[in-house]
Amino acid sequence: MSRFTDGHPATVALVTGGGSGIGLALARRLLARDGVTIVIAGRNEQRLLTAVKELRGVSPRASHAVLDVRDPEAFHDVCTRVQREHGSLDLLVNNAGVAVAGSVAELGLAHWQRSIETNLCGAVHGVLAAYPLIAAQGRGHIINISSLAGIIHAPLMGPYTVAKAGVTSLTMVLRAEGARHGVRATAVCPSLVETPMLERVNDALPATWMNGHAKEQISRRGLGIVTADSLARRVLRAVDRDRAVVVASFRDRVAWSLERHLPAVSARVRSRYVRGYSDSSAPGPDAVKTR
């Protein structure tokens, strides 16, 4: 029996960004457990319908909800509807996110706003909507998909790094405050995961050199590359054990340990990865106005 159920026979989970990648992999593995009901949420309804069709091959207890996590009222409505229709909301997975990358010199205000509004505020909106419901039940778990970038201060993806650092901090606050109400929280901090998001860097935003080079650049840092399914398996195992942080691979754990115990060395390593980066497309001082 999973620890986030605390012996409760039926578990209801809401997974944002559930139409593909990490969210879909988590939904698939959760559905394989007895008594679990899954609601996947996202902006692209066609992608959600395709995912639900696949998930119902595992279990009929799968459905979807169209949701833009940037809309707090919509998030509240989805959470309350899930609880009303299924009797509880036991697990929230804040997974929806966007990839924004480039040097600070290249990036404009639009890049920062997109990342913070989706990656950080989206998670905050989920917490605001689900936390009171879970606390009132006296049991439940919130999984926030953060990133290794947010705990080792990865360069060349500033808006993403800053947002994910906030998500990790939010999770630690939840663990401290939620324990007395039976609410657990876990931050998931992988580096490179094989998902469609890697192909959508700076989607609908001005391009940087990282467009088309993100995977190569991240791989060059020597960090671990995992599949979405492999990560999902590790996440659920960690949640069952009520772990605070999930760092996916051995290399990632080494990088995190270096940042915590030898920060000066970690800073030199980060600087090394920036050398040779081309930001010739960097905007001028009017970037805020024009981008």
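See the structure above.
Nothing here was measured: the structure is a model prediction, and the numbers come from that model.

Undergrad: How would you explain the environment of A163 if you had to name every residue and give the values?
TA: Checked against the element boundaries, A163 lands in helix α6 (residues 158-178). Residue A163 is classed as buried on the basis of its relative accessible area of 0%. Along the primary structure A163 and T118 are separated by 45 residues, whereas in three dimensions their C-alpha atoms are 8.7 Å apart.

Undergrad: Describe the pairing of strand β4 (residues 91-94), naming the residues involved and giving the relevant values.
TA: Here β4 shows two buried faces, one formed by L91 and V93 and the other by L92 and N94. As paired strands, strand β1 (residues 11-16) and β4 are joined by 3 bridges and run parallel to one another. Across the sheet, the residue bridging to V15 is V93, located in β4. The sheet contact formed by β4 and strand β5 (residues 140-145) spans 4 bridges and is parallel. The residue bridging V93 from the neighbouring strand is I143, located in β5. Handedness of the β4-helix α4 (residues 109-137)-β5 crossover: right-handed.

Rules behind the numbers
- Residues numbered from 1 in each chain as written.
- Predicted model: local features only at pLDDT ≥ 70, side-chain atom pairs only at ≥ 80, totals over all residues.
- Heavy atoms only, no water.
- Helix = DSSP H or I, 4+ residues; strand = E, 2+ residues; numbered from the N terminus.
- Buried < 20%, exposed > 50% of the residue type's maximum accessible area, 1.4 Å probe, protein only.
- Pairing = 2+ DSSP bridges.
- Right-handed = clockwise from strand over helix to strand, strands pointing away.

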